[in-house]
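What follows is the residue order along each chain.
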Amino acid sequence: MNKQQSLIVKDGVSYLIPFILVTFCFALWGFANDITNPMVKAFSKIFRMNVTDGSLVQVAFYGGYFCMAFPAAIFIRKYSYKAGVLMGLGLYAIGALLFFPAKGIGIYGCFLFAYFIMTCGLSFLETSCNPYILTMGPEETATRRLNMAQCFNPCGSIIGMFVAMNFIQAKINPLSSDERALLSDEEFEVLKDNDLSVLISPYLIIGLVIVVMFIIIYLTKMPKVGDMNHDIHPLTTLKRIARLPHYREGVIAQFFYVGAQIMCWTFIIQYGTRIFMAEGMDEQSAEVLSQRFNIYAMVLFICSRFIATFFMKWVKPASLLAIYGLLAMVFTTGVILLQNRMGLYCLVCVSGCMSLMFPTIYGIALKGLGDDAKFGAAGLIMAILGGSVLPPLQAMIIDQRTVFGNIPATNASFILPLFCFLVVSLYGYRILRRKDITMQ
């Protein structure tokens, strides 16, 4: 067989078209994830809040993942992967379009609600699409196939970052956070309304794109691989898979990985802004330039994921996971210790190390689960809660301005991602030592 057949042909059946459509969904939720990360800083300015309050965007965003993953698994088990994808796209579109009434009301909590609904849809998508991709070919190449599909997730992420930088951050009023605090209530409301009009436009557009994607998938015949068993015994299934060390530890590793990813991609804005303002740049210009570095990080992320997927033909995924985890720890140490652009360069390099982590942990954890993979996928998606729990802890450190005397709190806060990468690397190492888990 050629390379393409070994990935997306099983028992003589090609899954090329379904693979392409489902892979496009990976890009769609990548867009949502990474247009949202810079919104922590944007909402903090627009509503005159501190970083901790602004990070509630991440709490609502990733809280939706956590709350809906298990119901999504039950829904998918009862119906099908295709039904799960359609439900995910529907909720995604509704959440994005809710930004319009949220802007009319003008209350921060309304935007948090819209984010929550949107990510309930993303939870359906990830719970459906990840294991769906695993079934679209031989089990021996499942982890490599998922890494290939996941390569297109950061493509959507780059578009999200680009839109955030050029159509939101660059267009909202340039008044700094301190200057906004001096405005009267009337002046503040006018400014807030104008800035919110800028902020919601990309969300309304992506909502319409999702509606189109919903119609395309609805009208397309999709494979029913993995949809033969519709029995629903969630507690029994969870007890069964929780006894599997490679799955149980995979959920823990995924929790800390997602937390590290969101922290690194969210607070690169604060990290870069502090450095560039120290060089004499104004706050808005510093924020836009910091977002540009976030895009550089994502480009490196994409390139590194393609490279890692290529090497998986010869190197065990668990080996690459352990190695990349160690490299991430080295670069994160540089982020903590260096207080100039070299620290920012290290933070960009961390993204290259993160590239293979999510799909590799996912593929290893679901190895051999068979029909239980739907509920197993739910546990791994619930682990995305790490993106909701850990960033506010880092934000609380950043709000201290300095710690241990005169050490910038932004730098010190990256001790949290450092610990997360240690957990990920240990998971890869432990899988290598297990004789009953064979990863191709």
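Attention now goes to the packing of aromatic side chains. Under the counting rule described, the total for this entry stands at 30 aromatic pairs. Ring geometry for Phe43 versus Tyr108: centroids 5.6 Å apart, planes at 50 degrees, classification tilted. Here Tyr108 lies in helix α8 (residues 108-135) and Phe43 lies in helix α3 (residues 39-46), a separation of 65 residues in the sequence. Judged by relative accessible area, Phe43 falls into the buried class, the value being 0%. Joined through ring pairs, the aromatic side chains of Phe43, Phe47, Phe61, Tyr65, Phe99, Tyr108, Phe111, Tyr115 and Tyr203 make up one cluster. Above the ring of Phe188, the side-chain terminus of Arg48 is found at 3.7 Å from the ring centroid.

Within the element layout of this structure, Gln150 appears in helix α9 (residues 142-150). On the accessibility criterion, Gln150 (3% relative accessible area) is buried. When sequence neighbours within four positions are dropped, the list of residues in contact with Gln150 reads Phe26, Trp29, Asn130, Arg305, Phe358 and Pro359.

Let us look at the environment of Gly387. Looking at where Gly387 falls in the secondary structure, it is placed in helix α21 (residues 386-398). C-alpha of Gly387 to C-alpha of Ile361: the two residues are 26 residues apart in sequence and 16 Å apart in space. When sequence neighbours within four positions are dropped, the list of residues in contact with Gly387 reads Gln58, Tyr62, Val258, Gly259 and Ile262.

Residues Leu97, Leu208, Val211, Ile215, Tyr218 and Leu219 make up a contiguous nonpolar surface patch of about 600 Å² in total accessible area. When residues in the nonpolar patch are grouped by element, the largest group, five residues, is from helix α12 (residues 185-219). Here Ile215 shows up in helix α12. Overall, the relative accessible area of 44% leaves Ile215 in the partly exposed class.

So, about the nonpolar core. In this structure, Phe43, Tyr92, Tyr115, Leu199 and Met357 are the most contacted members of the largest nonpolar core, which totals 144 residues. At twelve residues, the largest contribution of residues to this core is made by α8. Counting residues in hydrophobic clusters, the runner-up holds five residues, among them Met68, Ala72, Cys120 and Phe124.

This paragraph deals with the state of the cysteines. Between two cysteines, a covalent bond joining their sulfur atoms is known as a disulfide. The tally for this structure, following the rule as stated, stands at zero disulfides. Looking at Cys346, it has no disulfide partner, and the nearest cysteine sulfur is the one in Cys349, 6.2 Å off. Look at Cys346 and you get buried, because its relative accessible area is 13%.

As a further point, take the confidence of the model for the protein chain. On average, the protein chain scores 87 in pLDDT, and the residues at 70 or more come to 95%. In the model of the protein chain, helix α1 (residues 3-8) stands out as the element of lowest mean pLDDT, 58, in contrast to helix α6 (residues 81-97), which has the highest, 96. The low-confidence segment residues 1-5 (pLDDT under 50) makes four contacts with residues lying over four places distant or belonging to another chain.

Bringing the packing of α3 against α12 into the picture now. Two numbers describe how α3 lies on α12: the axes approach to 10 Å, and their chain directions differ by 155 degrees. One finds that α3 runs roughly antiparallel with respect to α12. Between α3, through Met39, Ala42, Phe43 and Ile46, and α12, the contact on the second element is made entirely by Phe188, Lys192, Asp195, Leu196, Leu199 and Tyr203. Each residue belonging to the contact of α3 with α12 can be placed in one class, and the counts come to eight nonpolar, no polar and two charged.

Before going further, it helps to examine unusual backbone geometry. Positive phi values are uncommon outside glycine, yet Arg48 reaches one of about 55 degrees. What makes Arg48 partly exposed here is its relative accessible area of 31%.

Counted according to the given criterion, the structure contains seven salt bridges. One salt bridge in this structure joins Asp185 and Arg48, with 3.8 Å as the shortest N-O distance. One end of the pair, Asp185, is in helix α12; the other, Arg48, is in the loop between α3 and α4 (51-54), with 137 residues separating them in the sequence. On the basis of relative accessibility, which here comes to 54%, the residue Asp185 falls in the exposed class.

What counts and how
- Every residue gets a number counted from 1 within its own chain, in the order that chain's sequence is written.
- In keeping with the predicted nature of the model, local features appear solely for residues at pLDDT of at least 70, side-chain atom pairs appear and are counted solely at 80 or more, and the whole-chain, interface and lining totals rest on all residues.
- Heavy atoms from the whole structure form the basis of all side-chain values; hydrogens and water molecules are not counted.
- Stacked, tilted and edge-to-face are the three classes assigned to paired rings of Phe, Tyr and Trp, where Trp is represented by its six-membered ring and a pair needs centres within 6.5 Å; plane angles under 30 degrees give stacked, over 60 edge-to-face, the rest tilted.
- By the criteria applied, helices consist of DSSP H or I runs no shorter than four residues and strands consist of E runs no shorter than two, each listed in order from the N terminus.
- Per-residue accessibility, obtained with a 1.4 Å probe over protein chains only, is compared with the maximum for each type, and a residue is labelled buried under 20%, exposed over 50%, and partly exposed between these values.
- Placement of a charge over a ring requires the Lys NZ or Arg CZ to be within 6 Å of the ring centre, with the centre-to-atom vector within 35 degrees of the ring normal.
- Note on contacts: a residue pair is in contact if any heavy atoms of the two residues lie within 4.5 Å.
- Residues enter patches when they are more than 30% accessible in relative terms and free of salt bridges; like-charged ones are connected within 9 Å and nonpolar ones (Val, Leu, Ile, Met, Phe, Trp, Tyr) within 5 Å.
- To be clear on the numbers: accessible area is Shrake-Rupley with a 1.4 Å probe, and residue cover counts the displayed protein chains and nothing else.
- The rule for a salt bridge is simple: a side-chain nitrogen of Lys or Arg has to be within 4 Å of a carboxyl oxygen of Asp or Glu.
- Nine residue types can take part in a nonpolar core, namely buried Ala, Val, Leu, Ile, Met, Phe, Trp, Tyr and Cys, and a core is a set of them joined through side-chain atoms within 4.5 Å.
- The disulfide criterion is simple: two cysteine sulfur atoms within 2.5 Å.
- A score between 0 and 100, pLDDT records how confident the predictor is in each residue.
- Note on definitions: angles span 0 to 180 degrees between N-to-C directions of axes, and those axes are lines fitted to C-alpha atoms, for helices only across the stretch in contact.
- In this scheme, roughly parallel covers angles under 35 degrees and roughly antiparallel covers those over 145, while 65 to 115 is roughly perpendicular and the rest are oblique.
- Any residue that is not Ala, Val, Leu, Ile, Met, Phe, Trp, Tyr, Cys, Pro, Asp, Glu, Lys or Arg is counted as polar, Gly included; the first ten are nonpolar and the last four charged.

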